[in-house]
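Survey of secondary and tertiary structure
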Amino acid sequence: MRAFTSQEFGLPDLLARKRATNQRISVCLPARDEEATVGDVVAAIPDELVDEIVVVDDGSTDDTAAVLASYRDRI
């Protein structure tokens, strides 16, 4: 088995690998009462690397959905 750490791949290397393989990248984020953090997580995902972000909200009772509404163009 081969393991990698996040420090082994910078964004330029990941973008080159993505282009070379003609692949799409999707991110799925589970969320439940993540109002305080979900916006920062979505904002940290590089637009040029990720093609699709799917957030699955598991019945949040806080303002998770309202925070995500401001990222509607990304998710």
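Now for a quick tour of the structure.

Basis of the calculations
Residues numbered from 1 in each chain as written. Predicted model: local features only at pLDDT ≥ 70, side-chain atom pairs only at ≥ 80, totals over all residues. Heavy atoms only, no water. Patch = residues over 30% accessible without salt bridge, like charges linked within 9 Å, V, L, I, M, F, W, Y side chains within 5 Å. Areas by Shrake-Rupley, 256 points an atom, 1.4 Å probe, with all protein chains shown as cover. Salt bridge = Lys/Arg side-chain N within 4 Å of Asp/Glu carboxyl O. Lys, Arg positive; Asp, Glu negative; His and termini not counted. Charge placed at Lys NZ, Arg CZ, Asp CG, Glu CD. Helix = DSSP H or I, 4+ residues; strand = E, 2+ residues; numbered from the N terminus. Pairing = 2+ DSSP bridges. Core = buried A, V, L, I, M, F, W, Y, C linked by side-chain atoms within 4.5 Å. Buried < 20%, exposed > 50% of the residue type's maximum accessible area, 1.4 Å probe, protein only. Contact = heavy atoms within 4.5 Å.

Here the focus is a negative patch on the surface. Together, D33, E34, E35, D57 and D63 make up a region of like negative charge exposed at the surface. Tracing the backbone shows E34 in the loop between β1 (26–31) and α2 (38–44).

It is worth spelling out the pairing of strand β2 (residues 52–57) at this point. The pairing of β1 with β2 spans 6 bridges and is classified as parallel. For L29, the partnering residue across the bridge sits in β2 and is V55.

A few words on the nonpolar core. Judged by nonpolar contacts, L15, L29, V38, V42, I45, L49, V50, I53 and L68 together constitute the single largest core of 9 residues. Contact partners of L49, with chain neighbours within four places excluded, come to L11, L14, L15, K18 and I25.

As a further point, take the pattern of salt bridges. It is possible for side chains bearing opposite charge to pair when their charged atoms get close. Counting across every chain of the model gives 4 salt bridges. A salt bridge links D58 to R32, with the shortest nitrogen-to-oxygen separation between them at 3.8 Å. Residue D58 is found in the loop between β2 and α3 (64–69), and its partner R32 is found in the loop between β1 and α2; the two are separated by 26 residues along the sequence. Look at R32 and you get exposed, because its relative accessible area is 51%. Among the salt bridges present, the one from R74 reaches D47, with a minimum N-O distance of 2.6 Å. Within this pair, whereas R74 is found in the segment after α3, its partner D47 is found in the loop between α2 and β2, the two being separated by 27 residues in sequence. For R74, a relative accessible area of 18% corresponds to the buried category.

This next bit is on the side chain of K18. Mapped onto the elements, K18 comes out in helix α1 (residues 11–21). On the accessibility criterion, K18 (13% relative accessible area) is buried. Among residues more than four places away in sequence, those in contact with K18 are Q23, R24, I25, E48, L49, V50 and D51.

Any functional reading would require information that these geometric values do not contain.
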